Structure formats: C-alpha cells, structure tokens
Amino acid sequence: MTKTFTKIFAAIIFAFITVNSYSQTKAFNSMSVGLDISTTGGGLEVSSNINSFINLRAGFSALPFSYNYDFDIDYNTDVLYELRTNYSSELAANNISLSHLENVTADLKAKTGLYNGKILVDIHPFKSSSFHVTAGVYFGKKRLVTIKGRLPEETWRTANDVNNLIGRNPSWGLSPVELGVVVGDNTIQPDDNGMVDAGIQINGIKPYFGIGFGRTISQSQWGFQFDLGCMYHGTPKIVSKNAGVVDVLNDELGSSDFIDIMNKVKFYPVISFKVTKKIF
C-alpha cells in the first residue's frame, strides 16, 4: 500500500514539474506561513508556489497527551494456597504477608503522541475556485502509544521474598510465584524489575491524500484553509523493550477492545483548519 501511494505521489510531482514549464508564473516567487489546528495536533507550515495553480507546503505537527489505567495483578493462586495452608508458620517467621499479593492493581501510564513532519502538494484545478486536491507524506515517530508502569513496590518485594523462601526449601516442591498484569482474560509478565514497557507502533512514513478549500498563498495578506483527508499509517503492532513479552502482548492485548479497534484502523483521519499570513 505504501509503495502505491509513493508511486502516485511521484507521478504528481512529475506532473506539476512538467506543467510548470508551461506556466506563466515563476516558481517560488511567493511565500506564506500558517498556523493550523488539526486531528494531528497543532502545527506550523511554510508554503510557496510552483505555478499559478500548484502550491508546495512543508511543516510539522504535534499532538501529545497521556492517561492512566489501573490493571489487576494476577498470580499463581495454587502456590499461595499451599503456602497459606501448609507453611504459614514459616511465612510468619520471615515476616511475609501474602495479602500484598492479593487484590492489588498496577498503575500503567499510556502516553500517546503524534509527532510528524509533512511535505504536501496542493493542486487547484479551477482558477476561479479555492478548491484543491492535496497529496504528500507525513513522516515521524513510529511509536503511537507507549505503555509503561511498575508493579507496586510492596507487591514486588513480597513476591521476591516468597520466591527466596521457596528457593531455600526445595523439599516443599513449590514453583516460584509469578506475577502478571491482567489484560482481559490474560496476563502480561513484567521484566525482572517489575516494569511493563510496551507500545503501539505504526509506519514512520505515512502517505496522505485529501481535499479542501482555501489557498495557502492567498491574494490578500491573510488567508484561511480547510482540509479533509487521511494518512495511511499501516496496521498497528504491539512492541516491547522486553523481547520475551512481545509475543505475549500481541496475543493478549489483541483481545482488548482498544487494540481490536486499532488493528482495523490503517488510515488516520485528518481534519485541518489553518490561518495563513503571506510573506511576499
């Protein structure tokens, strides 16, 4: 899909270069700057003309925000049952309370951010109208969402104490306590430090196509432009710095409503409102 958009964009570039050779208007003899608010965030653009009906613009946009989720922490209940039933005195002697492993949650922070540069071409097919067709590319960060968090200190310390106790008593025949963050009907095991570090990744290069009204380089000093289109960012993937978690994340987060939606959304809608100021 990306290759197809790239070919279309290259064809458009070739076409306006060819047409420009027949235009009466010299290229880059006008320039403007613009501030826009869109679904990709706030941004800044610089525009110039190629000829009387084609404009080139470049800029950047950013849309950062974050939010928190509380996830339940899972554990192997059979081990805790054996410990509480048969080895409660040993737990008490080592000042270990299993209550720190039960009915607790992990606070994970999801940080979302769209940070993109962009190169776009506006084609105005009608001289008397500000209607335009736009094609180009957005490029920027691959990580769309970063999910980070740590199990509560008391919970992580208790699990380590329990596992050390089990390790000193192999005759008990118990497996170590394994903790995990509950997502849907599954769990994600943290790394050795109790950290969960994962994210949703999209393509770094995102072709764009849209339509709109208004000219980035207007006849007056001030102008207004509205754009409606979409950029193709590919199928989102779950990634993690903990290599052992990647497959688990893809299986388990894939069952959640949020990821179900993300996996189906390969195109990101772009709605933009822009105010421009002509420089020359």
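Whatever comes next refers back to the structure up there.
Residues numbered from 1 in each chain as written. Predicted model: local features only at pLDDT ≥ 70, side-chain atom pairs only at ≥ 80, totals over all residues. Heavy atoms only, no water.

A. Main features of a nonpolar patch on the surface. A contiguous nonpolar patch, built from Val33, Leu35, Leu44, Val46, Phe60, Ile279 and Phe280 and spanning about 620 Å² of accessible area, is present on the exposed surface. Take Phe60: it is sitting in strand β3 (residues 54-74). (Patch = residues over 30% accessible without salt bridge, like charges linked within 9 Å, V, L, I, M, F, W, Y side chains within 5 Å. Areas by Shrake-Rupley, 256 points an atom, 1.4 Å probe, with all protein chains shown as cover. Salt bridge = Lys/Arg side-chain N within 4 Å of Asp/Glu carboxyl O. Helix = DSSP H or I, 4+ residues; strand = E, 2+ residues; numbered from the N terminus.)

B. Region of interest: the pairing of strand β10 (residues 205-213). With 8 bridges connecting them, strand β5 (residues 132-140) and β10 associate as antiparallel partners. Residue pairing in the sheet places Tyr138 in a bridge with Lys206 of β10. Here β10 pairs with strand β11 (residues 222-232) via 6 bridges, running antiparallel. Bridged to Gly212 within β11 is Asp227. (Pairing = 2+ DSSP bridges.)

C. Examining the environment of Trp156 more closely. Take Trp156: it is sitting in helix α4 (residues 153-168). Between the C-alpha atoms of Trp156 and Asn193, which are 37 residues apart in sequence, the distance is 8.4 Å. Contact partners of Trp156, with chain neighbours within four places excluded, come to Arg150, Leu151, Leu179, Pro190, Asp191, Asp192, Asn193 and Gly194. (Contact = heavy atoms within 4.5 Å.)

D. Fine view of the nonpolar core. Leu83, Leu98, Leu101, Val162, Val177 and Leu179 are the most contacted members of the largest nonpolar core, which totals 33 residues. Going through the elements one at a time, α2 (77-86), β4 (105-123), β6 (143-150), α4 and β9 (195-201) are the ones with two or more residues in this core. Top element by residues in this core is α4. It accounts for 5 residues. Apart from the residues lying within four places of it in its own chain, the contact partners of Leu98 are Leu80, Leu83, Arg84, Leu91 and Val162. The next biggest cluster of nonpolar side chains, apart from the first, holds 5 residues, and it includes Leu120, Tyr208, Met231 and Val270. (Core = buried A, V, L, I, M, F, W, Y, C linked by side-chain atoms within 4.5 Å. Buried < 20%, exposed > 50% of the residue type's maximum accessible area, 1.4 Å probe, protein only.)

E. Local environment of the pattern of salt bridges. The tally for this structure, following the rule as stated, stands at 11 salt bridges. Here Glu153 ties to Arg157 by a salt bridge, and the two come within 3.7 Å at their closest N and O atoms. Taken as a pair, Glu153 and Arg157 lie in helix α4 at a separation of 4 residues, close to a single helical turn. According to the relative accessible area criterion, Arg157 is partly exposed, its value standing at 38%. One salt-bridge network, held together by shared partners, links Asp36, Glu45, Arg57, Lys118, Asp122, Asp227 and Lys274.

F. View of the packing of aromatic side chains. Going through the model one piece at a time under the given rule, you end up with 6 aromatic pairs. On the numbers, 4.0 Å between centres and 20° between planes, the contact of Tyr87 with Trp172 is stacked. Here Tyr87, found in the loop between α2 and α3 (88-93), pairs with Trp172, found in the loop between α4 and β7 (180-183); they are 85 residues apart in sequence, far enough to count as distant. In this structure, Tyr87 and Trp172 share a single accessibility class: buried. What links up through ring pairs into an aromatic cluster is the set Phe126, Phe131 and Phe213. Of note, Lys277 hangs over the ring of Trp222, and the distance from its end group to the ring centre comes to 5.8 Å. (Phe/Tyr/Trp six-rings, centres within 6.5 Å; stacked < 30°, edge-to-face > 60°. Lys NZ or Arg CZ within 6 Å of the ring centre and 35° of its normal.)

G. Seen up close, unusual backbone geometry. Of note in this structure, Asn95 is not a glycine but carries a positive phi near 55°. Mapped onto the secondary structure, Asn95 falls in the loop between α3 and β4. Taking relative accessible area as the criterion, Asn95 reaches 72% and is therefore assigned exposed. At Asn103, a residue that is not glycine, the phi angle is positive and equals roughly 55°. Here Asn103 falls in the exposed class, since its relative accessible area comes to 81%.

H. Molecular detail of α4. Look at α4: 23 Å from first C-alpha to last across 16 residues, which is about the 22 Å you get at 1.5 Å a residue. Listed in full, the buried residues belonging to α4 are Thr155, Trp156, Thr158, Ala159, Val162, Leu165 and Ile166. In this structure, the buried residues of α4 make contact with β3, α2, α3 and β6. (Expected span 1.5 Å × (residues − 1).)

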